[in-house]
Amino acid sequence: TMFKGLRSIAGRMQKALTGKELVGMDKHGNRYVLFQPDKGRPPRRMVDPYNGVYDQDKIHKLWSMWLAQSREDAPTEEDMEAYDRQQEILAARVKKVQEEDEKVRLQEMMERQIDTESSGSVSIEGVMEAMNKDKKPDEKPGSGGGKFQPQGWNPNKE
């Protein structure tokens, strides 16, 4: 129609004057362009930020992918809506898995607590005593028996 025709003419004039071709806009007013100052070079993908202030948080992920040339075609509104829906579904699934994991972790903690309470309290001294009760004192330092005596250890002696 007439509006599209005028917009197309305006776009061609802008490209001829500035070397920039408008590819799309987002809901924040950022303009995405192909910039080709020299005919001999491939065009660069750029964003003309709304009000001249660049804010990465206001760039949709699909536009970021297009700018980084990870995506060949500029995203459409439908593409961005579908992507946003996928992200919401993924976030809900992640939340569900995290909640289930937390339930399992708490259940395991409760089971360990019950096991500890039913078998009595465990202390480090009790563990050390149980480990050392079968050892007999030995004259050789480092054998594991008896008490450690730093002055009795000599690395050059056998």
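Rules used in this analysis
Residues numbered from 1 in each chain as written. Predicted model: local features only at pLDDT ≥ 70, side-chain atom pairs only at ≥ 80, totals over all residues. Heavy atoms only, no water. Helix = DSSP H or I, 4+ residues; strand = E, 2+ residues; numbered from the N terminus. Buried < 20%, exposed > 50% of the residue type's maximum accessible area, 1.4 Å probe, protein only. Core = buried A, V, L, I, M, F, W, Y, C linked by side-chain atoms within 4.5 Å. Contact = heavy atoms within 4.5 Å. Polar contact = N/O pair within 3.5 Å; in protein donor to acceptor, adjacent residues only side chain to side chain. Phe/Tyr/Trp six-rings, centres within 6.5 Å; stacked < 30°, edge-to-face > 60°. pLDDT = per-residue confidence, 0-100.

Engineer: Could you give me a rundown of unusual backbone geometry, with the residues and numbers involved?
Structural biologist: Of note, Asn51 is a non-glycine position whose phi angle comes to about 60 degrees, a positive value. Along the chain, Asn51 turns up in the loop between strand E3 (44–48) and helix H2 (61–67). Under the relative-accessibility criterion, Asn51 is labelled exposed at 63%. Positive phi outside glycine occurs at Gln69, with the angle close to 60 degrees. Locating Gln69 in the fold gives a position in the loop between H2 and helix H3 (77–119).

Engineer: Describe the nonpolar core, with residues and values.
Structural biologist: One finds Tyr32, Val47, Ile59, Leu62, Trp63, Trp66, Met80 and Tyr83 forming the largest nonpolar core, which totals eight residues. Among the secondary structure elements, those contributing two or more residues to this core are H2 and H3. In terms of residues, this core owes the most to one element, H2, which gives three residues. Beyond its immediate chain neighbours, meaning those up to four positions away, Met80 contacts His60, Leu62, Trp63 and Pro75.

Engineer: Tell me about the side chain of Arg71, and name the residues and values.
Structural biologist: As for its position among the elements, Arg71 is in the loop between H2 and H3. One polar contact links the side chain of Arg71 to the main-chain carbonyl oxygen of Asp73, over a distance of 2.8 Å.

Engineer: Can you break down the packing of aromatic side chains residue by residue, with the values?
Structural biologist: How two aromatic rings sit relative to each other is given by the distance of their centres and the angle of their planes. A complete count under the given rule lists two aromatic pairs for this structure. Ring plane angle 5 degrees and centroid distance 3.9 Å describe the contact between Tyr32 and Trp63, whose orientation is recorded as stacked. Placement of the pair is Tyr32 in strand E2 (residues 31–35) and Trp63 in helix H2, with a sequence separation of 31 residues. Looking at Tyr32, the relative accessible area reads 0%, which means it is buried. Here Trp63 falls in the buried class, since its relative accessible area comes to 1%. Residues Trp63 and Trp66 carry aromatic rings whose centres are separated by 5.5 Å and whose planes lie at 90 degrees to one another, so their mutual orientation is edge-to-face. In this pair, Trp63 and Trp66 both sit in helix H2, three residues apart, roughly one turn of the helix. Side by side, Trp63 and Trp66 carry an identical accessibility label, which is buried. Among the aromatic residues, those joined into a ring-pair cluster are Tyr32, Trp63 and Trp66.

Engineer: Which residues make up the confidence of the model for the protein chain, and what values go with them?
Structural biologist: Close inspection of predicted coordinates is inappropriate for parts of the model with low pLDDT. Taken residue by residue, the protein chain gives an average pLDDT of 78. The fraction at 70 or more is 63%. The least confident element of the protein chain is helix H1 (residues 2–18), whose mean pLDDT is 58; the most confident is H2, at 94.

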